[in-house]
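In case you want the letters, here they are:
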2 protein chains.
Amino acid sequence: MPTDSALDAEATALDAADPLAAHRDAFVGAESSLVYFDGNSLGRPPRATADRLARFVTDEWGGRLIRGWDEAWMELPFVIGDRIGASTLGSAGGQTVIGDSTTVLLYKLLRAALDAQMTADANRVEIVVGRDDFPTDRYLVEGIAAERGARVVWVEVDTARGVDADLLRAVVGPRTAVVLLSHVSYRSGFLADGAGLTAIAHDAGALVLWDLCHSAGSVPVELDAWGADLAVGCTYKYLNGGPGSPAFAYVAARHQSTLTQPVQGWMGAADVFSMGPLYRPADGMRRFLSGTPPVLAMIALQDTLDLLEQAGIAAVRAKSVALTEFALRVADGILSPLGVRLASPRDPAERGGHLTLSHPSMRAVTARLWADDVIPDYRDPHGLRIGLSPLSTSFAETLAGMRAVAAAVAREG
Amino acid sequence: MPTDSALDAEATALDAADPLAAHRDAFVGAESSLVYFDGNSLGRPPRATADRLARFVTDEWGGRLIRGWDEAWMELPFVIGDRIGASTLGSAGGQTVIGDSTTVLLYKLLRAALDAQMTADANRVEIVVGRDDFPTDRYLVEGIAAERGARVVWVEVDTARGVDADLLRAVVGPRTAVVLLSHVSYRSGFLADGAGLTAIAHDAGALVLWDLCHSAGSVPVELDAWGADLAVGCTYKYLNGGPGSPAFAYVAARHQSTLTQPVQGWMGAADVFSMGPLYRPADGMRRFLSGTPPVLAMIALQDTLDLLEQAGIAAVRAKSVALTEFALRVADGILSPLGVRLASPRDPAERGGHLTLSHPSMRAVTARLWADDVIPDYRDPHGLRIGLSPLSTSFAETLAGMRAVAAAVAREG
């Protein structure tokens, strides 16, 4: 086990060598002693965002008023969508849009995919989803299956991992309509094989919908290269859009003229302002919109996209791996002796941007840490999630936080 | 016809006697010469909003980080919903919530109502909606009817009015499941009889869903007194929530334990953070939520609610009527001679917060007015909408705008 001062020296050296170190100062709170381990739930605000929002209110909303829609806002969901697509999703333009909440977009795309599959082949009535996936994903699948006369096929997984090739191959077949997969597991941080799982689903004739909530802005995603069909992801985690900022949806160009979604609103219609008698879906990604786009709620996103485009997702991922590897070395040194075990993959190639540490007292540990301004989050069973947002987290912060975890476990354990 | 100077004197006297005159200064742009006649599409921002958003970013999002959810944000959709309910909807607490877009909320509540009615009585398969209602309402009904095996019953209406008692009575009956009604018509400004139409629908055994988009914050609504079942409305018009701000939904307390909506997400589940294996809807209004509430997008609303609570909806409505009556007198004086006719009800008791003026050249007139910083909006066929937001519009502004309309019609006509 490294000595205390050796860990300090290592953190200092890693920060000094970090090409993204300067970006940390772009975030509110970088100067404070608070340790933030929950950027994977709600990212810190960029410092530029307060001013961006205030200027938007006064100059754009207040100055342009309704004219803002024609001048810029009608296209903003596609403009920002394309920036996310290019900077972190591996998506060519015209396939990504900012829409509703993650849940609502998942509903719309799942319905679109299932309805198309069931129409093409009445035997394709199964939706595959992981038993350990995020609740919204499971609840939605359960509800959609009930209302459409489809069937849920659960993939049973170890909570410390996620869905892999063998597990998926065992459940897909000629009855599979859609496979809903998490790229990075919210619980374990397990990083799924995007290309491999997409191919397995396709070989069975199924469509794939990727949940990218814990990937976008942290792990490179290659939707076009994987041949993915559909994806949804959230923007308030590593993309720092603010509490409840709207989600993005991706639909591969080849599906855009055939898939339709059930929430038929004016903003998805072919001619928005003709206000014609019957609904005709727009071409392209617009058909996946429903109501008036949440403009005020999406503009904050642009500050992190500015940083992400500067840094490049490869550098962000490299730092993410370095951060989790460092945290893991510290955990091995000072937490393992206290009975804390890793509930995430040990191989960084199989791991996203967070680590989950397991110990029976983690619920109490979390409360104690929060009281001491060290902010991870807790997920049943016994999981402390250490989320290390690459653009805003330093190695020194990581070390300070891990030491606080050790102290809290020692007291609570 | 009043002389020019008589109109000036009247506007000056009305502004001097207006008890809400001071509120106008609370809005960005009050000092400018621009005439804003489109507060019924996108309300002006309160001056307080820029600072409120900036402080939220730095102090709450940046300062509290993920802790903000436990401390305040989880309840914010209900807190702000109740404020809207009390100040303008005539709703007791616990029945109104801020959710998704208007379109998505209409989808969820329409589905909830239709599914419950069809389950209770397999013959109740008809959804009644006005042929001239806002496109989203019609498109949604069309889509839901198709996916649920229901049938649309269109109410044919004169574009200068809306659905009244006789029209509704003629189409409801033992097959009616749900009636979707607009309280104020987006096109004509026709103000429907809330209590009367609700009673007619109920007598036929139907549920009523009110679209309050053009009422909320301008016309008093009495959902509880009407015995209304469900309502949805938008917050970026008279409630000044900003472009694309989230909508509200109302579900009468007596229905909350029996209705369920199809977009089953974690925020609508009985125990949000238990993340249990199967979806069980929460009690109360929470079950009508789906994804993470759009917190950043809903906080701006509080500035107009502050003003509205101070002023009282009765005073707001009184000013709204005074504004449209004044605009109508000016129109009768200087626009009628140019062939412009009123496409809204003449009786203020049948009219909401906007007037629609019709003339074959109105599309071109609108473009010319916009170029001159006079901002109404245009709706087919030939309709110029004069939206007079009571808290932010003066009589002098109204007069200046109506004169500009007359000049533009004279040039284009």
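Residues numbered from 1 in each chain as written. Chains lettered and ligands numbered in written order. Predicted model: local features only at pLDDT ≥ 70, side-chain atom pairs only at ≥ 80, totals over all residues.

**Focus on the overall build of chain A**
Assigned secondary structure in chain A consists of 14 helices and 13 strands. Taken over the C-alpha trace, chain A has a radius of gyration of 22 Å; the compact-globule value for 413 residues is 22 Å, and the two agree within 12%. Out of the 413 residues in chain A, the part that is buried amounts to 59%. Pairs at least 24 apart in sequence give 73% of the contacts found in chain A among residues at least 6 apart. (Helix = DSSP H or I, 4+ residues; strand = E, 2+ residues; numbered from the N terminus. Rg over C-alpha atoms; globule rule 2.2 N^0.38 Å. Buried ≥ 20, exposed ≤ 12 C-beta atoms within 10 Å, placed from the backbone. Contact = placed C-beta atoms within 7 Å.)

**A look at the interface of chain A and chain B**
Taken together, the contact between chain A and chain B spans 62 residues of the former and 62 residues of the latter. When contributions to the side of chain A that touches chain B are tallied by element, the ones reaching two or more residues are helix 2 (48–64), helix 3 (67–73), helix 5 (102–120), helix 6 (135–148) and helix 10 (295–298) of chain A. In terms of residue count, helix 2 of chain A provides more of the side of chain A that touches chain B than any other element does, 9 residues in total. The residue inventory of the side of chain A that touches chain B, partitioned by class, reads 34 nonpolar, 19 polar and 9 charged. (Nonpolar A, V, L, I, M, F, W, Y, C, P; charged D, E, K, R; others polar.)

**Some points on the pairing of strand 10 (residues 354–358) of chain B**
All names here are of chain B. Within strand 10, 4 of the 5 residues are buried, which leaves it mostly tucked inside the rest of the structure. When strand 9 (residues 341–342) meets strand 10, the two strands line up antiparallel, connected through 2 bridges. Residue L342 lies in a different strand from strand 10, and its bridge partner there is L357. By the bridge criterion, 5 bridges tie strand 10 to strand 13 (residues 383–387) in an arrangement that is antiparallel. Among the inter-strand pairings, H354 is bridged to a residue of strand 13, identified as G387. (Pairing = 2+ DSSP bridges.)

**Examining helix 5 of chain A**
Here helix 5 of chain A is 19 residues long and its end C-alpha atoms lie 27 Å apart, about the 27 Å a rise of 1.5 Å per residue gives. For helix 5 of chain A, the buried fraction is high: 15 of the 19 residues fall into the buried class. (Expected span 1.5 Å × (residues − 1).)

**Observations regarding unusual backbone geometry**
Here the residue pair D380 of chain A and P381 of chain A is connected by a cis peptide bond, since its omega of -10° sits within 30 degrees of zero. Examined against the element boundaries, P381 of chain A turns out to sit in the loop between strand 12 (377–379) and strand 13 (383–387). If you check the backbone angles, H382 of chain A has positive phi at about 65° while not being a glycine. Within the secondary structure layout, H382 of chain A lies in the loop between strand 12 and strand 13. Of note in this structure, L65 of chain B is not a glycine but carries a positive phi near 50°. Note that L65 of chain B resides in the loop between helix 2 (48–64) and helix 3 (67–73).

**Brief notes about the domain arrangement of chain A**
When the parts come together, some accessible area is lost, and that loss is often what is quoted as the size of the interface. Residues and elements named next belong to chain A. As assigned here, chain A comprises domain 1 (4–47 + 312–412) and domain 2 (74–308). Relative placement of domain 1 and domain 2: their C-alpha centres are 29 Å apart. The partner domain 2 presents 27 residues to the 30 residues of domain 1 that form the contact. When residues of the side of domain 1 that touches domain 2 are traced back to their parent elements, those giving at least two are helix 12 (313–335) and strand 10 (354–358). The greatest single-element share of the side of domain 1 that touches domain 2, amounting to 5 residues, is contributed by helix 12. (Domains from an automatic or database assignment.)

**Here we look at the packing of helix 13 (residues 362–371) of chain A against helix 14 (residues 395–412) of chain A**
Relative orientation and spacing of two packed helices are given, respectively, by the angle between their axes and the distance between those axes. Residues and elements named next belong to chain A. Viewed as axis vectors pointing N to C, helix 13 and helix 14 meet at an angle of 125°, and their least axial separation amounts to 9 Å. For the element pair helix 13 / helix 14, the angle class is oblique. Crossing handedness for the pair helix 13 and helix 14: right-handed. Two secondary-structure elements touch here, helix 13 through A364, V365, R368 and L369 and helix 14 through A404, V405, A408, V409, R411 and E412. Residues belonging to the contact of helix 13 with helix 14 are distributed by class as follows: 7 nonpolar, no polar and 3 charged. (Axes fitted to C-alpha atoms, helices over the stretch in contact; angles between N-to-C directions. Parallel < 35°, antiparallel > 145°, perpendicular 65-115°, else oblique. Left-handed = near helix turned anticlockwise from the far one by under 90°.)

**Observations concerning the relation of the copies chain A and chain B**
Turning one copy of the chain about an axis and sliding it along that axis gives the other copy, so a rotation and a shift relate them. Between the two copies, chain A and chain B, the superposition gives an RMSD of 0.0 Å; the rotation angle is 180° and the shift along the axis is 0.0 Å. Between the two chains, the operation in question is that of a two-fold axis. Residue A297 of chain A, judged by its C-alpha, is the member of chain A lying nearest the rotation axis, at 2.5 Å. Same-surface contact between copies: 100% of interface residues of chain A are shared with the interface of chain B. (Least-squares fit on C-alpha atoms with pLDDT ≥ 70 in both.)

**Considering the sheet that holds strand 13 of chain A**
Residue and element names in this part refer to chain A. Taking strand neighbours across the sheet as the criterion, the 4 strands line up as 9-10-13-12 in an open arrangement whose pairing is antiparallel. Both edges of this open sheet fall to strand 9 (341–342) and strand 12, since each of them pairs with a single strand only. The strands touched by helix 12 are strand 9, strand 10 and strand 13; relative to strand 10, the strand with the most contacts, the crossing angle is about 15°.

**Some remarks on the pairing of strand 13 of chain A**
Residues and elements named next belong to chain A. The element strand 13 is extensively covered by neighbouring structure, given that 5 of its 5 residues are classed as buried. Residues G383, R385 and G387 line one face of strand 13 and the alternating positions L384 and I386 line the opposite face, and both faces are buried. Alignment of strand 12 against strand 13, held across 3 bridges, turns out to be antiparallel. The partner of R379 across the bridge, within strand 13, is G383. The turn joining strand 12 and strand 13, which pair antiparallel and follow one another in sequence, is formed by 3 residues; a positive phi near 65° is taken by H382.

**With respect to the sheet that holds strand 4 (residues 151–155) of chain B**
Residue and element names in this part refer to chain B. If you trace the 7 strands from one edge of the open sheet to the other, you get 2-8-7-6-5-3-4, paired in mixed fashion. With partners counted over all chains shown, the strands left at the sheet margins are strand 2 (96–98) and strand 4, one partner each. Geometrically, the sheet is characterised by an average inter-axis angle of 20° between neighbouring strands, direction not taken into account. Pairing analysis gives 3 bridges linking strand 6 (residues 207–211) to strand 7 (residues 230–233), with the strands arranged parallel. Within the sheet, the bridge partner assigned to L209 lies in strand 7 and is L230.

**Some remarks on the nonpolar core**
Counting residues in each nonpolar core, the largest one holds 276 residues, and the members touching the most others are L110 of chain A together with L110 of chain B. Once residues lying within four places of it in the same chain are set aside, the contact partners of L110 of chain B are L140, V141, I144, V178, L180 and L209 of chain B. (Core = buried A, V, L, I, M, F, W, Y, C linked by C-beta atoms within 7 Å.)

**Remarks on the environment of G312 of chain B**
Its place among the elements puts G312 of chain B in the loop between helix 11 (301–311) and helix 12 (313–335). As for G312 of chain B and T88 of chain B, which are separated by 224 residues in sequence, their C-alpha atoms are 8.4 Å apart.

**Description of helix 14 of chain A**
Residue and element names in this part refer to chain A. The end-to-end C-alpha distance of helix 14 is 25 Å, a good match for the 26 Å that 18 residues give at a rise of 1.5 Å each. Buried residues of helix 14: F395, E397, T398, L399, G401, M402, V405, A406, A408 and V409, and no others. In this structure, the buried residues of helix 14 make contact with helix 1 (4–17), strand 1 (35–36), helix 12, helix 13, strand 11 (374–375) and strand 13.

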